[in-house]
Number of protein chains: 2
Amino acid sequence: MAPTPAPENSALYRELAMRLRHAISDGTYPPGSRLPSEHELAQSFGMARSTVRRALTILGEDGLIASHQGARRTVLAEPRLQSFGELRSFSRWARSIGEVPGGRVDLLERRGASAVQARELGLAPGDPLVYLVRVRMLTGVPVMIERTAYVERAGLRLSFIDLEHESISDRLEEHGIVFAHAEHTIDAVNASADDARLLEIEPGRAILRERRRATDPQGRPLEWSEDRYVGDGVAFTIRNSLAMSPLTRGRAVSTTGNPP
Amino acid sequence: MAPTPAPENSALYRELAMRLRHAISDGTYPPGSRLPSEHELAQSFGMARSTVRRALTILGEDGLIASHQGARRTVLAEPRLQSFGELRSFSRWARSIGEVPGGRVDLLERRGASAVQARELGLAPGDPLVYLVRVRMLTGVPVMIERTAYVERAGLRLSFIDLEHESISDRLEEHGIVFAHAEHTIDAVNASADDARLLEIEPGRAILRERRRATDPQGRPLEWSEDRYVGDGVAFTIRNSLAMSPLTRGRAVSTTGNPP
DNA sequence: AGCTGTAACTTGGTCCTACAAGTGATCACG
DNA sequence: CGTGATCACTTGTAGGACCAAGTTACAGCT
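Residues numbered from 1 in each chain as written. Chains lettered and ligands numbered in written order. Predicted model: local features only at pLDDT ≥ 70, side-chain atom pairs only at ≥ 80, totals over all residues. Heavy atoms only, no water.

If you look chain A up in an unreviewed UniProt entry, it shows as GntR family transcriptional regulator from Actinospica durhamensis.

Structural data, given as structure tokens:
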């Protein structure tokens, strides 16, 4: 058999993973049930067992199925719609849950990198970058303040974007700037007077703070952002397994200094 | 070549992944440098390319290396000591960062499941479970309140454990109760009067709340826990990539009701 | 010097085989 | 009727082959 040339960006194993995910969420394989054996899947989809295994590995990493030597795989949970894009982009996430994303630009300027920003973006202090502060809303209600420093390469493209309504991620990707890796640090702080004003809440309310550094496929930093979510508006969810755990608990570092 | 019989629980590819991880953290392959090619690694470790690839896949999922068709893999970051065990167990985590874990039991009793607990643990409301409230400390300083509901199977073992000093996870594993999957939901709330008293902070301070459901390898729920961390004491970190993203952002659900 | 085209190298994807190790159900036997 | 041994099935690990597609470096040409 000739190895299929892969029609689009879709590999066979990713295709199958997607199909199985759907099959789980549409009730073909409800939680608690067992999946067909690797052999059967290979047979019925016309691919090799190794390819099937690769697809199943993905579902396992997502925490959707459990597997043990000797026994058929068990469906654990229904998949949540989630993707890297939804996580990085507020707009995409908002649309995916049926809300209307909105934003108000509070500040957009070219400036020199602070010490923290320089360290996180791999620049020298004072190197030029683009700094953007936005209040993000879900269907009119403010839920998050976003303070992002973009490296120049990405940031200069921002001038051409309608920041109030368009998705920065979408636009940047069209210009060949792709976000591939991200590191998120999550903790809790009390709302400052400034936060309270922008989010229309009382000062002191609990804020879920996410600091994020995103890089391109080569690992070069693209953005460093501090997002502050209204405490009771948003939650983060992680699934992990013995085999794979991308989540770490750490002592909080006081990188509080995100400049005015 | 006969496939090596695997000396311990260690598979070849996991062995190699571990070695590479060490090689990265000890500076052999510093961030920014490129790894040897799959072929070279296979050669020098005497294994097949497919096995090497499997090891490299793991590092990629951990966000340690970036890889692109055609070019050698690039080292992105140093590995953080992290493991599923450290994430689930406060004791293990504390020891791993060089602190002395401590705890004070506030409450331990057998009781009937509340509606929320029943749903999360797959029980009927009123079914017996074991409920444990502890204040956890790092080197004497309280940093977290842990309110955990164990299914009976796991919970009944608790009576034999010295809850103030021993690690519950360690002990339960010795009894054949293994935690294999977990789902964590993280948001921020303000400290209640009760929280403030137990954690020795002022009421209203920002609290990082982690709700967690852990299951055994078969996917059967073992525990459902709500942990409240002092906001400026602890942070969670997640790495993710285009290829894999176990982290989801969701609207906060008001599962606030963890009983008195 | 600068550019271009090509060849060698490198990773991505698919398929195959073989064997080890654990599970589950059947079946024969006491 | 229970019980234990057996065996087919299933997943885990390892090795290997082949080609596609992207990157890099170098040689040679202008």
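## Let's talk about the protein's contact with DNA strand C
DNA strand C sits among 27 residues. The nearest are Leu12(A), Thr51(A), Ser67(B), Ala71(B) and Arg72(B). When the atoms of DNA strand C within 4 Å of the protein are grouped by moiety, sugar and phosphate amount to 72% of the total. One of the side-chain nitrogen or oxygen atoms of Arg49(A) is found 3.5 Å away from a base nitrogen of DNA strand C. The contact in question runs from a phosphate oxygen of DNA strand C to an N or O atom on the side chain of Arg72(B), over 2.3 Å. Contributing elements (two or more residues each) for the surface near DNA strand C: helix H1 (12–25) and helix H3 (49–61) of chain A together with helix H3 (49–61), strand E1 (65–68) and strand E2 (71–75) of chain B. No other element matches H3(A), which puts four residues into the surface near DNA strand C. A class-by-class count of the residues in the surface near DNA strand C yields eight nonpolar, 10 polar and nine charged. (Near = heavy atom within 4 Å. Polar contact = N/O pair within 3.5 Å; in protein donor to acceptor, adjacent residues only side chain to side chain. Helix = DSSP H or I, 4+ residues; strand = E, 2+ residues; numbered from the N terminus. Nonpolar A, V, L, I, M, F, W, Y, C, P; charged D, E, K, R; others polar.)

## What about the packing of helix H2 (residues 38–45) of chain A against H3(A)?
The relative placement of two packed helices is expressed as an angle between their axes plus a distance between the axes. Residue and element names in this part refer to chain A. Where H2 contacts H3, the two axes come as close as 9 Å, and the packing angle between them is 110°. In terms of orientation, H2 and H3 fall into the roughly perpendicular class. Crossing hand, H2 versus H3: right-handed. For the pair formed by H2 and H3, the contact residues are Glu38, Leu41 and Ala42 on the first element and Arg49, Val52, Arg53 and Leu56 on the second. Here the contact of H2 with H3 is built from residues that sort into four nonpolar, no polar and three charged. (Axes fitted to C-alpha atoms, helices over the stretch in contact; angles between N-to-C directions. Parallel < 35°, antiparallel > 145°, perpendicular 65-115°, else oblique. Left-handed = near helix turned anticlockwise from the far one by under 90°. Contact = heavy atoms within 4.5 Å.)

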